[in-house]
Amino acid sequence: MKAIVIPTPNKIEIREVPMPEVKPGEALLKVKYVGVCGADVASYTGNQPFTTYPRIPGHEFSAEIIEIPENEKGLKAGDIVTCNPYFNCGTCYSCERGFVNCCTDNQTMGVQRDGAFCEYISIPVDRIYSGQGLSAQELALIEPFSISQHAVSRATIKKSDNVLILGAGPIGLFALLAAKQLCNKIAVVDILDNRLALATEYGADAVVNSKMQSLEAFTKEFTDGQGFDVCIEACGAPETFLGCIDNAAFAGNIILIGNGKRETTFNHSILLKKELNVYGSRNALKDDFINNIALVAEKKADVMKMVSGIYEMEQAADAFEALAHNNGTLAKLLIKISD
């Protein structure tokens, strides 16, 4: 079968590789569409510390079931599905307590193990989720949506809460979609107007270009001087984390999704003074996938607005290059693997 392979940083190849070995309890899937994640781009550019090479990237995908053992889920050959791509050990302290999303030996497809940028994969049946009639393109967007959904669930968001999302890239926009199911007072901050325009399309009640407008002044006006009940950091930058601290209300909640690459220096006494709750978030859980599939199926969330382009498998190098040099005009790119 064909696979998209990163042999070394800054290089993409289409290779012939062996068909997957299907073990007991696994299904054989024909991959349909795969989203190019920021982690995939980091593997491509050599900035992903957990990636070893050569590596088949990809963990945001949809697929058609080709072969599957009899199962209680009612899944059968021909179904269009998506899957949980985070493999946990099942025996560490986190797994024993049910926190399988932050297994101490987590292996994510496309990073610590080969991923979905290939024509066929084998997956344990318990990791496969029915697509509930969604298109293959929509299902390839469920995993990144679930990353944000899980993050939003880390703090209890009430209907009356003010929510601030710092960063209007795909993860920040998916966080907006998730938060819109819980409250109606959400502001989004970014430094790129085109991303803020998409945030407005997705229902943000206010948007702020922090290069052009004081975020502190906006916060005072939007929250009547109280600060935001919930601040969601979706950039991974020191500046945006500090922005969360500065603009959160006393006894407010901060949720961190962005994967930081630089150290942040601050006086931790401000966390004490404001008695802030700071939540980290990693990966997603089964319920996040299932709930998001239902949200999209019920037309409560339109994930397809996130797609900036669809590439053929042979154009994979172009897609990775486009995202590696993204000036903010691109959100999600999908690569079509099969019809």
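Structure shown above.
Residues numbered from 1 in each chain as written. Predicted model: local features only at pLDDT ≥ 70, side-chain atom pairs only at ≥ 80, totals over all residues. Heavy atoms only, no water.

### Some words on helix α7 (residues 215-222)
Listed as buried for α7 are L215, F218 and T219. Viewed along the axis of α7, the buried residues span an arc of 100°, placing them on a single side of the element. Exposed side of α7, more than 90 degrees from the buried face: K220 and E221 are the residues found there. Buried positions along α7 lie against β10 (163-166), β11 (186-190), β12 (206-209), β13 (228-233) and α8 (238-247). Remark: D224 follows α7 within two positions and exhibits a positive phi of approximately 55°. (Buried < 20%, exposed > 50% of the residue type's maximum accessible area, 1.4 Å probe, protein only. Helix = DSSP H or I, 4+ residues; strand = E, 2+ residues; numbered from the N terminus. Arc of directions from axis to C-beta. Contact = heavy atoms within 4.5 Å.)

### Observations regarding the packing of helix α1 (residues 38-45) against helix α11 (residues 316-324)
Running from N to C, α1 and α11 point in directions that differ by 95°, and their axes come no closer than 10 Å. Taken together, α1 and α11 sit at an angle that is classed as roughly perpendicular. For the pair formed by α1 and α11, the contact residues are D40, V41, Y44 and T45 on the first element and F320, E321, L323 and A324 on the second. Class assignment for the residues of the contact of α1 with α11 results in five nonpolar, one polar and two charged. (Axes fitted to C-alpha atoms, helices over the stretch in contact; angles between N-to-C directions. Parallel < 35°, antiparallel > 145°, perpendicular 65-115°, else oblique. Nonpolar A, V, L, I, M, F, W, Y, C, P; charged D, E, K, R; others polar.)

### Points about the environment of I310
The topology assignment puts I310 in strand β16 (residues 307-312). For I310 and K23, which are 287 residues apart along the polypeptide, the C-alpha to C-alpha distance reads 32 Å. Residue contacts for I310: discarding those within four places in its chain leaves Y33, Q137, L334 and K336.

### A short note on the side chain of N283
With respect to the helices and strands, N283 occurs in the loop between β15 (277-280) and α10 (286-297). We classify N283 as buried; its relative accessible area is 11%. Polar side-chain contacts of N283 include one of 2.9 Å to the backbone oxygen of N101. In this structure the side chain of N283 is engaged in a polar contact, spanning 3.4 Å, whose partner is the side chain of N106. Non-local contacts of N283, meaning those with residues more than four positions away in its chain, are made with Y86, N101, N106, T108, I147 and H150. (Polar contact = N/O pair within 3.5 Å; in protein donor to acceptor, adjacent residues only side chain to side chain.)

### A word on the sheet that holds β12
Here six strands make up an open sheet; going across it, the order is β12-β11-β10-β13-β14-β15 and the pairing parallel. Edge positions in the sheet fall to β12 and β15, since each has one partner strand and no second. If you compare each strand with its neighbour and ignore which way they point, the axes differ by 20° on average. The pairing of strand β14 (residues 248-256) with β15 spans four bridges and is classified as parallel. Looking across to β15, one finds that I255 is bridged to Y279. Each of β10, β11 and β13 touches helix α5 (residues 170-180); the most contacted strand, β11, lies at about 175° to it. (Pairing = 2+ DSSP bridges.)

### Comments concerning unusual backbone geometry
In this structure, P54 follows Y53 across a cis peptide bond, with omega equal to 0°. At N10, a residue that is not glycine, the phi angle is positive and equals roughly 70°. The phi dihedral of E275 is positive, around 45°, even though this residue is not glycine. By the element assignment, E275 lies in the loop between α9 (269-274) and β15.

### A short note on the nonpolar core
One recurring pattern in soluble globular proteins is that nonpolar side chains are buried together. Ranked by internal contacts, the top residues of the largest apolar core, which has 48 residues, are F145, V163, I165, L176, V188 and I232. Within the residue set of this core, elements represented by two or more residues are α3 (136-139), α4 (142-153), β10, α5, β11, α6 (193-201), β13 and α10. Sorting elements by how many residues they give to this core places α5 first, with seven residues. Residues within four places of V188 in sequence aside, it is in contact with I165, G167, A168, L176, L196, A199, A204, A206, V207 and V208. (Core = buried A, V, L, I, M, F, W, Y, C linked by side-chain atoms within 4.5 Å.)

### Notes on the packing of aromatic side chains
With the rule as written, the count across this model stands at nine aromatic pairs. Arranged with centres 6.3 Å apart and planes meeting at 55°, the rings of Y86 and F289 form a pair that is tilted. A residue pair is termed long-range when its members are at least 10 positions apart, and Y86 in strand β6 (residues 86-87) and F289 in helix α10 qualify at 203 residues. A relative accessible area of 4% means that Y86 is categorised as buried. These aromatic residues form a ring-pair network of at least three members: Y44, F117 and F320. Just above the ring of F87 sits the side chain of R113; from NZ or CZ to the centre is 3.9 Å. Above the face of the F87 ring, R127 is positioned so that its terminal group lies 4.3 Å from the ring centre. (Phe/Tyr/Trp six-rings, centres within 6.5 Å; stacked < 30°, edge-to-face > 60°. Lys NZ or Arg CZ within 6 Å of the ring centre and 35° of its normal.)

### With respect to the packing of α4 against α10
Where α4 meets α10, the axes come as close as 9 Å, and the angle between the chain directions of the two elements is 115°. Between α4 and α10, the crossing angle belongs to the class labelled roughly perpendicular. The element α4 and its partner α10 pack so that their crossing is right-handed. Contact residues: α4 offers I142, E143, F145, S146, Q149 and H150, while α10 offers D288, F289, N292, I293, L295 and V296. Tallied by class, the residues present in the contact of α4 with α10 amount to six nonpolar, four polar and two charged. (Left-handed = near helix turned anticlockwise from the far one by under 90°.)

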